[in-house]
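# Close look at the chain arrangement
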Amino acid sequence: MNKSKFFLGMAVVFTAVGFTACDKSGTEGTEDGYGYDFKAVINTYVDDVVLNTYTDMKDKATILYEAVEVYKANPSVGLTNVCAAWRTMRIPWEQSEGFLFGPAALLSLDPSLDSWPLDKTQLQSIIDSNIEISLDAIASSNVHGFHTIEYLIFKDGEPRTTALTDRELKYLIAATEYLRNDTYLLWANWVGASNITDTKVLAAFKENETDVKYNFSEQFKKAGAAGSIFLSESDAIDQIIDGCIDIASEVGAQKIGGPNATAKQGNLEQAVLDVESWYSWNSTDDYANNIISIRNSYFGGRGKTAATASANSISAFVKSKNAGLNIEVGTAIETAYEAIKAMTYPFRNNLTGAKVDAAIDACGDLELTLAKIKTLKD
Amino acid sequence: MRIKHYSKYIQLSVVVLCIMAIGACSDNADEIILKPNGKVADPAELSAGNSTVFMSSVFAYDTPAPWVTGSLMDRFLAGDKLYDDPRIANQDDPLQGGLGPLYVGFSCGSCHKNAGRSYPTLFSEGGSGTGFSGQLAFICKQNGTFFREYGRVLHDQAIFGTKPEGRLSATYTEKTYEFPDGEKYSLVKPTYKITEWYSDSIAPEDLIIDVRIPLRHVGMGQIMALDPDELKQLAALSNYPEYGISGKMNIITERNKSFIGTGGNKAQHADLTVELGFSSDLGVTSDRFPLEVGYGQSQQIGFSHYGIQISTRDMENVDFYLSSLGVPARRNVNNAVVKKGEENFYKAKCQLCHIPTLHTKQDPIALLNGTRLPWLSGQTIHPYGDFLLHDMGPGLDSHYRSGLAAGYEWRTTPLWGIGLQETVSGHTRFLHDGRARNYVEAIMWHDGEGAVSRELFKRMSKEDRDAVVTFLRSL
């Protein structure tokens with residue numbers, strides 16, 4: 001651990017001697033904001049980052065579902081296309097983890113989509129039983145999501161070559177449909193029930209009698225107005241920043257740092273089990289896409305960078321207030337991304353070492369740097 | 001999957017300046033607290049003294065207090081992970097195994113996402129639903145004793161191979177009322193039913209069902225650190241015959257010791273129930289509760305004893321995590337409508353039970369494995385609750401007793417953080433079973449000792465009622 005960073009991050013306690021009184025009349029008001037018109041920034045964030053990402057994920061969920069249907073019709077084609085579709089869908093999901101608020105949290109879709117660790121005991125028990133494998137059956141077991149599918153279709157980072165048993169195939173079909181439905185629900189609760197035109201989504205919702213509870217885009221776009229949970233536009237911006245800080249922390253301290261710490265304690269077997277996405281060896285890509293989630297959020301669009309940042313982005317706002325900090329944030333994002341990509345592949349077989357430490361430190365740096373944006377409040 | 005946030009690198013919530021002088025006038029007399037932007041915090045903002053965090057996002061309940069640094073942060077993160085990570089049925093996994101065979105949630109965080117109140121299927125599916133549900137149903141016989149085959153809590157979830165104990169369902173009847181100024185409001189009253197009993201069916205007339213939705217995990221450490229002498233004084237003072245108010249303490253006796261209950265809807269807990277939660281809610285055994293929660297049930301043969309599935313040391317990390325969560329600062333305390341609403345809160349005498357200011361004791365509290373937390377001591381806090389039991393009238397009588405609390409008696413809910421519930425948890429369901437769908441309905445459900453305040457609120461103008469809600473949203 002980089003001690004200097006650590007102490008920078010601590011709450012600072014000063015001791016002062018000689019104060020005799022405080023003038024309460026001098027206390028500041030509390031509507032602390034950034035003093036910036038964020039309307040366009042928020043709209044761009046919702047449309048070009050969040051909805052763009054979730055729409056992509058929704059489409060990729062359909063593709064994965066259809067790939068499984070093809071496999072079901074003719075298992076001899078093998079699982080290569082299914083595995084490729086799984087990896088492709090994983091990209092927008094990991095790139096959405098900078099905004100795991102809203103429907104992902106409120107409807108508990110994050111654990112439903114991406115629960116880890118995988119409950120292999122229950123999964124195997126169900127497969128070995130003779131119960132009917134259905135959406136309801138896997139719902140009641142809570143064994144579903146990306147990693148259930150991953151376990152069924154991958155072996156040591158490659159598409160599984162042995163044929164699935166009939167019951168494994170039934171589970172794969174049900175789990176893929178469940179994942180697809182969760183993804184549709186996630187997307188739909190950002191766009192709102194009245195804005196759904198995708199016929200495949202509408203058909204799935206009709207079949208499953210699914211209700212759409214939120215229009216979370218409106219919550220953001222109406223920030224500061226009646227009906228929004230965000231009392232001000234600055235509160236909405238804080239939510240975006242907190243989402244980025246949150247995933248930077250999770251990648252550094254948990255996704256990489258957790259197995260790293262366990263491995264350093266000498267428990268290598270348990271450490272490997274802690275590595276998310278280790279059946280597919282997709283872990284490093286997952287983490288890098290998490291950092292891209294932060295990059296997209298900060299620069300105002302999918303694929304945006306410091307060089308191509310939207311004029312309506314948090315980056316543009318930070319630049320207007322403190323150009324040096326904007327460069328610092330951009331550098332911290334790129335450093336974290338590069339440090340993760342530099343880790344030796346696959347992560348599950350290389351849990352310790354200087355490159356891993358560098359990635360953990362870079363994520364910690366990114367957290368600290370993102371937090372500095374809040375010092376720009378009036 | 002999101003597991004936690006705020007690594008050991010970050011701590012941005014506040015800066016604390018200790019002022020060593022006589023006459024300093026912040027609420028916590030020797031401290032001035034700076035916000036992230038360097039401004040001095042208004043004392044009214046400081047919900048929990050040195051544990052206040054300036055956060056209004058979805059993570060407002062789930063952020064460490066500013067004093068959590070260094071090795072304390074390591075423990076916070078370890079506890080946070082255990083709180084959030086799903087348990088799995090694998091009995092051999094030393095870190096995450098042990099779920100079930102009967103359970104209610106698959107992690108603490110499954111019901112308390114971001115330390116808040118996950119939206120239960122009680123509302124989305126009318127009861128237990130098809131998967132994880134997220135509400136608790138306490139059950140007992142009409143005479144208050146428990147059913148041998150079921151125990152205290154209905155476990156509506158089970159790992160594969162075991163049947164859930166039963167399934168809860170709810171139906172609601174709605175009645176519309178009117179404020180004197182003509183504005184309408186309605187209240188929905190639930191009727192609960194349990195079906196699909198795994199064993200003996202219990203006739204509805206023999207059964208008491210008391211449903212609870214998850215509590216906000218706000219200020220848990222401070223609640224454990226409350227000054228017992230102050231609570232005793234409050235109980236003695238809580239006698240306002242002119243308003244029909246007379247609060248009392250719930251006294252908990254565990255392992256031959258008596259404690260003042262402060263936790264839970266009926267102040268029925270004197271600790272943060274980490275051990276109980278792992279056992280009863282998740283089905284994870286410990287030294288304190290070494291037997292599976294369904295031990296003795298005929299269907300549990302083969303699952304009845306797998307040894308200890310979580311250590312006391314690990315559970316203490318969860319205890320630490322809960323105790324060291326920051327309490328969100330109040331917002332917009334100088335806003336004119338908020339101030340008007342605060343005045344109206346006092347005019348309606350809400351503050352007689354929702355007491356704004358209390359203090360924590362000087363002795364550091366001890367966690368369940370003996371760790372002491374001096375940071376919670378000697379703080380001036382603003383929980384907006386007295387932690388006493390009050391008769392809330394027949395409409396809220398669940399008939400379920402908890403210690404000294406009768407079915408109609410409920411602990412005054414501490415209101416700190418309530419204004420952020422919609423942000424954190426996405427809904428404004430209030431009261432023990434979430435029957436109140438918004439702030440106004442929660443107020444209008446007050447009866448018994450709360451009836452006078454309800455009537456005073458009811459007679460206010462719409463503008464004044466709205467101001468009260470605006471004030472509550474600032475907490």
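Residues numbered from 1 in each chain as written. Chains lettered and ligands numbered in written order. Predicted model: local features only at pLDDT ≥ 70, side-chain atom pairs only at ≥ 80, totals over all residues. Heavy atoms only, no water.

Another aspect to go through is the overall build of chain B. Across its full length, chain B holds twelve helices and 20 strands. Relative to its length of 475 residues, chain B is compact, with a C-alpha radius of gyration of 22 Å against a globular reference of 23 Å. The burial tally for chain B puts 64% of its 475 residues in the buried class. For chain B, long-range pairs separated by at least 24 residues make up 68% of all intrachain contacts whose partners lie at least 6 apart in sequence. Between the averaged position of the 47 positive side-chain charges in chain B and that of its 54 negative side-chain charges there is a distance of 2 Å. (Helix = DSSP H or I, 4+ residues; strand = E, 2+ residues; numbered from the N terminus. Rg over C-alpha atoms; globule rule 2.2 N^0.38 Å. Buried < 20%, exposed > 50% of the residue type's maximum accessible area, 1.4 Å probe, protein only. Contact = heavy atoms within 4.5 Å. Lys, Arg positive; Asp, Glu negative; His and termini not counted. Charge placed at Lys NZ, Arg CZ, Asp CG, Glu CD.)

Our focus in this paragraph is the pairing of strand β7 (residues 167-178) of chain B. Residues and elements named next belong to chain B. Summarising the sheet, β7 and strand β8 (residues 184-195) pair through twelve bridges and their orientation is antiparallel. Pairing of E174 across the sheet is with V188, part of β8. Where β7 hands over to β8, the hairpin turn is made up of five residues, of which G182 adopts a positive phi near 100°. (Pairing = 2+ DSSP bridges.)

The next subject is the side chain of S51(B). Residue and element names in this part refer to chain B. Among the secondary structure elements, S51 is positioned in the loop between β2 (31-34) and β3 (52-53). S51 sits in the buried class, given a relative accessible area of 0%. Within the structure, the side chain of S51 is placed 3.1 Å from the side chain of Q222, a separation counted as a polar contact. In this view, S51 contacts A65, P66, W67, Q222, G326, V327 and L376; residues no more than four positions away in its chain are not counted. (Polar contact = N/O pair within 3.5 Å; in protein donor to acceptor, adjacent residues only side chain to side chain.)

A word on the packing of helix α9 (residues 166-191) of chain A against helix α10 (residues 199-208) of chain A. When two helices pack together, their arrangement is given by the angle between their axes and by how far apart the axes lie. Residue and element names in this part refer to chain A. Viewed as axis vectors pointing N to C, α9 and α10 meet at an angle of 110°, and their least axial separation amounts to 10 Å. Considering the angle they form, α9 stands roughly perpendicular to α10. Across the interface between the two elements, E177, R180, N181, Y184, L185, W187 and A188 of α9 pack against K200, V201, A204, F205, E207 and N208 of α10. Tallied by class, the residues present in the contact of α9 with α10 amount to seven nonpolar, two polar and four charged. (Axes fitted to C-alpha atoms, helices over the stretch in contact; angles between N-to-C directions. Parallel < 35°, antiparallel > 145°, perpendicular 65-115°, else oblique. Nonpolar A, V, L, I, M, F, W, Y, C, P; charged D, E, K, R; others polar.)

In this model, Y345(A) is joined to P346(A) through a cis peptide bond whose omega is -10°. Cis peptide bonds are those with omega within 30 degrees of zero, and the linkage from G100(B) to P101(B) qualifies with 10°. Its identity is not glycine, yet D156(A) carries a phi of approximately 50°, on the positive side. By secondary structure assignment, the location of D156(A) is in the loop between β2 (154-155) and β3 (158-159). Despite not being glycine, A115(B) has its phi angle at roughly 65°, a positive value. Following the sequence through the fold, A115(B) ends up in the loop between α2 (108-111) and α3 (121-124).

Turning our eyes to something else, we now look at the nonpolar core. Core analysis: the largest hydrophobic core is formed by 121 residues, its most contacted members being I153(A), Y171(A), F220(A), I256(A) and I340(A). A total of 15 residues in this core trace back to one element, the largest contributor, which is α9(A). When residues no more than four places from it in sequence are discounted, the contact partners of I340(A) are V251(A), I256(A), T284(A), Y287(A), A288(A), I291(A), A359(A) and C363(A). With 52 residues, the next largest nonpolar core counts A48(B), V53(B), I223(B) and W416(B) among its residues. (Core = buried A, V, L, I, M, F, W, Y, C linked by side-chain atoms within 4.5 Å.)

Summed over all chains, the structure comprises 40 aromatic pairs over all chains. Note on W116(A) and Y279(A): the rings are 6.0 Å apart at their centroids and 65° apart in plane angle, and the pair reads as edge-to-face. Of the two residues, W116(A) is situated in the loop between α5 (109-114) and α6 (120-128) and Y279(A) in the loop between α13 (268-274) and α14 (283-299); the sequence distance between them amounts to 163 residues. Neither residue differs from the other here; W116(A) and Y279(A) are each classed as buried. Ring geometry for Y150(B) and Y198(B): centres 5.3 Å apart, planes at 75°, overall edge-to-face. Here Y150(B) is found in the loop between β5 (136-141) and β6 (157-158), whereas its partner Y198(B) is found in the loop between β8 and β9 (207-212), with 48 residues between them in sequence. You'll find Y150(B) and Y198(B) in the same group, each marked buried. Three or more aromatic residues joined by ring pairs make a cluster, and in this case those are Y45(A), Y54(A), F99(A), F101(A), W190(A), F216(A), F220(A) and F230(A). The ring of Y119(B) is capped by K213(A), whose NZ or CZ atom sits 3.1 Å from the centre of that ring. Sitting above the plane of the W445(B) ring, R435(B) keeps its charged end 4.7 Å from the centroid. (Phe/Tyr/Trp six-rings, centres within 6.5 Å; stacked < 30°, edge-to-face > 60°. Lys NZ or Arg CZ within 6 Å of the ring centre and 35° of its normal.)

This part takes up the pattern of salt bridges. Oppositely charged side chains may form a pair once their charged atoms are brought near each other. In total, this model carries 42 salt bridges over all chains according to the counting rule given. A salt bridge links K200(A) to E66(A); the shortest N-O distance between them is 2.9 Å. With K200(A) in helix α10 and E66(A) in helix α2 (residues 39-73), this pair connects stretches of sequence that are 134 residues apart. A salt bridge links K113(B) to D110(A); its shortest N-O distance comes to 3.8 Å. Taken as a pair, K113(B) in the loop between α2 and α3 and D110(A) in helix α5 lie in two separate chains rather than in one. Note on accessibility: K113(B) and D110(A) belong to one class, buried. Salt bridges sharing partners connect three or more residues here, namely R90(A), E94(A), E97(A), D114(A), K255(A), E276(A) and D286(A). (Salt bridge = Lys/Arg side-chain N within 4 Å of Asp/Glu carboxyl O.)

The next subject is the domain arrangement of chain A. Residues and elements named next belong to chain A. Parsing chain A into structural domains produces domain 1 (46-214) and domain 2 (227-372). Each of domain 1 and domain 2 was reduced to a C-alpha centroid, and the two centroids are 24 Å apart. Taken residue by residue, the interface counts 28 residues in domain 1 and 26 residues in domain 2. Linking domain 1 with domain 2 are five salt bridges, by the criterion used here. Here E94 ties to K255 by a salt bridge, and the two come within 3.2 Å at their closest N and O atoms. In this structure, the connection of domain 1 to domain 2 is made through 20 residue pairs in polar contact (both at pLDDT 80 or more). Listed by contribution, the elements that provide at least two residues to the side of domain 1 that touches domain 2 are α2, α3 (80-94), α8 (146-153) and β2. Take the side of domain 1 that touches domain 2: its biggest share by element is six residues, from α3. (Domains from an automatic or database assignment.)

Next up on the list: the state of the cysteines. All names here are of chain B. One pass over the full model with this rule turns up zero disulfides over all chains. Lacking any disulfide linkage, C111 is separated from the closest cysteine sulfur, that of C108, by 8.9 Å. Since its relative accessible area comes to 12%, C111 is described here as buried. Of the cysteine sulfurs around C353, a residue in no disulfide, the closest is that of C350, at 9.1 Å. (Disulfide = S-S within 2.5 Å.)

In this model α3(A) runs 21 Å from its N-terminal to its C-terminal C-alpha over 15 residues, within 8% of the 21 Å that 1.5 Å per residue would give. Listing the buried residues of α3(A) in full gives V82(A), C83(A), A85(A), W86(A), M89(A), R90(A), P92(A), W93(A) and E94(A). (Expected span 1.5 Å × (residues − 1).)

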